Amino acid sequence: MTDDTLQLGNKTFTSRLLTGTGKFADNALISGMLEASGSQIITVALRRIDQQSKTDNILDSIPQNVTLLPNTSGARTAEQAVRIARIARAASGTNFIKIEVITDARYLMPDNQETLAATEILAKEGFIVLPYILPDLPLAKRLESAGAAAVMPLGAPIGTNRGLETKPLIAMLIENCRVPVIVDAGLGLPSHAAAAMEMGADAVLVNTAIATAGDPVTMGKAFELAVRAGRKAYLSGGGQCSDQAVASSPLTGFLN
Amino acid sequence: MRIKINGRDQDIDTGSLTELIDQMDLPPSSLVVEHNLRLVPQDQWATTRLEEGDVLELLNFVGGG
C-alpha cells in the first residue's frame with residue numbers, strides 16, 4: 001500500500017494510470033490489460049446500438065472493482081454532453097463523467113467553451129466531472145470554480161502518439177491548479193507518460209498507445225512502470241538543468 | 001404506428017417496449033433505453049407503452065477513450 005494517492009471526488013485511487021477501452025482488436029484483452037497496468041479507472045463510450053454488428057457488452061470486460069469513466073464523446077454541444085452524461089450515469093451507476101465536446105473532426109480538438117458550460121451544469125448535479133480540454137490556464141481555473149474534480153489537458157491530438165507537445169502549457173496548469181491535472185490524449189510511449197509524471201502531473205490517461213500495441217497487456221504494464229517511475233522522480237525532486245557542465249567528481253589534479 | 005428509433009422514422013406493430021426490443025432481437029443485458037428523453041430502467045420496460053410520434057434511443061456502452 002502507498003499513502004501517495006489520487007483523490008477524485010469522493011474516491012481515492014492508488015494508481016495514477018487511467019486507461020481507455022477504445023480500439024482494442026479484441027475486448028477480451030481489456031481485463032488482462034487492467035490487471036497488468038493496475039489501472040483503477042477506465043473510460044467507456046455510449047453509442048446508438050448497431051443492429052447489424054452485434055457486439056459484446058463492453059461492460060462485461062471490466063471487473064467490478066475498476067471505476068467506470070463514461071465519456072460524452074459524440075457530443076458537439078454542452079447540451080448534448082449533459083444529456084449523454086445523465087444517460088450514462090443512470091445506465092452505469094457511476095457519478096464519474098469525462099466531458100468530451102468535439103466539433104472539429106480533423107484534429108479532434110475539444111471545444112473549451114462548451115466543455116465549461118457542460119461542467120457547470122453537471123458538477124451542480126453531483127457528477128464527478130473530468131473535463132478533457134486544451135491546456136489553457138484561465139479555462140482550467142474556471143473549471144475549478146465550476147466544480148470540476150480534475151482537469152484533463154491534451155498532450156497531443158487524440159490517437160496521434162506524439163507525446164507532450166503542449167508541455168509548457170500543461171506546466172502552467174500543474175503549477176496553478178488545486179484540482180488534479182490528468183494528461184489525456186497523445187501519449188504514445190511510456191517515456192511520454194513518465195515525462196508527464198516527472199513534471200508533476202497527477203495522473204495520465206492512455207488509450208490508443210496501449211490498445212493498438214502489438215501486445216496491449218505488456219504495454220499496459222510498461223505504462224504502469226513508467227507512471228510509477230515518473231511519480232517517484234517527481235516526489236524525490238528532480239535535478240537542476242545547467243548550460244555548462246557541472247563536475248560530479250572532484251576537479252583537483254591527479255597524477256600530475 | 002410510426003415512431004423515431006435512433007433518429008430514423010420506423011413503422012412498428014406493437015405498443016409494448018419489451019415486445020419491440022424482443023422483435024428487434026436486441027441483447028437486453030447491455031441495452032440502454034431512452035424514451036422521449038427519459039431513461040427507462042429495465043424493470044420499467046414492460047410497463048412502458050409506445051405511442052405514435054414517440055422518440056426512442058436504443059444505446060449501449062462501447063469501447064472509447
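Residues numbered from 1 in each chain as written. Chains lettered and ligands numbered in written order. Predicted model: local features only at pLDDT ≥ 70, side-chain atom pairs only at ≥ 80, totals over all residues. Heavy atoms only, no water.

Draft legend 1. Spotlight on the environment of A:Ile97. Residues and elements named next belong to chain A. Residue placement: Ile-97 occurs in strand 6 (residues 96–99). The class of Ile-97 is buried, set by a relative accessible area of 0%. Through-space distance from the C-alpha of Ile-97 to that of Thr-166 is 24 Å; in sequence the pair is 69 residues apart. Ile-97 has contacts with Leu-69, Pro-70, Thr-72, Ala-85, Ala-88, Leu-122, Phe-127, Ile-128, Val-129 and Leu-130, leaving out every residue within four places of it along the chain. (Helix = DSSP H or I, 4+ residues; strand = E, 2+ residues; numbered from the N terminus. Buried < 20%, exposed > 50% of the residue type's maximum accessible area, 1.4 Å probe, protein only. Contact = heavy atoms within 4.5 Å.)

Draft legend 2. Broad picture of the environment of A:Pro180. All names here are of chain A. Relative to the helices and strands, Pro-180 resides in the loop between helix 5 (167–176) and strand 9 (182–184). When the C-alpha positions of Pro-180 and Leu-154 are compared, they lie 14 Å apart, and in sequence the two are 26 residues distant. If we skip the residues at most four places from it in the chain, Pro-180 touches Leu-6, Gln-7, Leu-8, Ala-149, Ala-150, Val-151 and Asp-202.

Draft legend 3. Representation of the interface of chain B and chain A in the model. In this assembly, 22 residues from chain B lie in contact with 27 residues from chain A. Buried area between chain B and chain A, both sides added, is near 2100 Å², and the carbon and sulfur share of it is 61%. On the chain B side of the interface with chain A, the three residues burying the most area are B:Asn60, B:Phe61 and B:Gly65, jointly 33% of the side's total. Our enumeration of links across chain B and chain A arrives at 2 salt bridges. A salt bridge links A:Arg83 to B:Glu34; the nearest nitrogen and oxygen atoms lie 2.5 Å apart. On inspection of chain B and its partner chain A, the count reaches 11 residue pairs in polar contact (both at pLDDT 80 or more). For the side of chain B that touches chain A, the secondary-structure elements that each account for two or more residues are strand 3 (32–35) and strand 5 (55–63) of chain B. It is strand 5 of chain B that contributes the most residues to the side of chain B that touches chain A, 7 residues altogether. Bridging between strand 4 (residues 41–48) of chain A and strand 5 of chain B involves 5 bridges; their strand directions are antiparallel. Paired with A:Arg48 across the two strands is B:Leu59, which belongs to strand 5 of chain B. (Buried area = accessible area lost by both parts, 1.4 Å probe. Salt bridge = Lys/Arg side-chain N within 4 Å of Asp/Glu carboxyl O. Polar contact = N/O pair within 3.5 Å; in protein donor to acceptor, adjacent residues only side chain to side chain. Pairing = 2+ DSSP bridges.)

Draft legend 4. Representation of the packing of helix 6 (residues 190–198) of chain A against helix 8 (residues 216–236) of chain A within the structure. Residue and element names in this part refer to chain A. Where helix 6 contacts helix 8, the axes come no closer than 7 Å and their chain directions differ by 25 degrees. In terms of orientation, helix 6 and helix 8 fall into the roughly parallel class. Note on packing geometry: the crossing formed by helix 6 with helix 8 is right-handed. Mapping the contact onto sequence places Pro-190, Ala-193, Ala-194, Met-197 and Glu-198 in helix 6 and Met-219, Ala-222, Phe-223, Ala-226, Val-227, Gly-230, Arg-231, Ala-233 and Tyr-234 in helix 8. (Axes fitted to C-alpha atoms, helices over the stretch in contact; angles between N-to-C directions. Parallel < 35°, antiparallel > 145°, perpendicular 65-115°, else oblique. Left-handed = near helix turned anticlockwise from the far one by under 90°.)

Draft legend 5. Quick peek at the sheet that holds strand 8 (residues 152–153) of chain A. All names here are of chain A. Read across the open sheet, the 3 strands follow the order 6-7-8; overall the sheet is parallel. The sheet is open, and its two borders are formed by strand 6 and strand 8, each paired with just one other strand. Strand direction decides the pairing type here: strand 6 and strand 7 (residues 128–133), joined by 4 bridges, are parallel. What sits directly across from Lys-98, in strand 7, is Leu-130. Docked against the sheet, helix 3 (residues 112–124) engages strand 6 and strand 7, running at close to 180 degrees with respect to strand 7.

Draft legend 6. Main features of helix 1 (residues 29–37) of chain A. All names here are of chain A. What helix 1 keeps buried is the set Ile-30, Met-33, Leu-34, Ala-36 and Ser-37. The arc that holds the buried residues of helix 1, viewed along the axis, is 170 degrees, so those residues lie on one side. Structurally, helix 1 contributes buried residues whose contacts are with strand 3 (17–20), strand 4, helix 7 (208–211) and helix 8. Directly beyond the C-terminal end of helix 1, a positive phi value near 70 degrees is found at Gly-38. (Arc of directions from axis to C-beta.)

Draft legend 7. Structural detail: the layout of surface pockets. Each pocket or cavity is described by its volume, and for the largest pocket that value is around 430 Å³. Lining the largest pocket are 26 residues, with A:Lys23, A:Glu100, A:Ile158, A:Asn207 and B:Gly65 sitting closest to its centre. At the level of secondary structure, the elements contributing two or more residues to the lining of the largest pocket comprise strand 4, strand 10 (203–206) and helix 7 of chain A. Here the lining of the largest pocket is composed, by residue class, of 9 nonpolar, 12 polar and 5 charged. Roughly 340 Å³ of internal volume is contained in the second largest pocket. Along the walls of the second largest pocket sit 14 residues, with A:Leu46, A:Arg48, A:Ile84, B:Glu57 and B:Leu59 positioned nearest its centre. Of all the secondary-structure elements, those providing two or more residues to the lining of the second largest pocket are strand 4 and helix 2 (78–92) of chain A together with strand 5 of chain B. When residues of the lining of the second largest pocket are assigned to their parent elements, the largest contribution, 4 residues, is made by helix 2 of chain A. Its residues assigned to classes, the lining of the second largest pocket comprises 5 nonpolar, 3 polar and 6 charged. (1 Å grid on protein atoms, 1.4 Å probe; cavity = no way out; pocket = protein on both sides within 12 Å on 5 of 7 lines; lining within 4 Å. Points joined across faces, edges and corners; volume = space filled by probe spheres on them. Nonpolar A, V, L, I, M, F, W, Y, C, P; charged D, E, K, R; others polar.)

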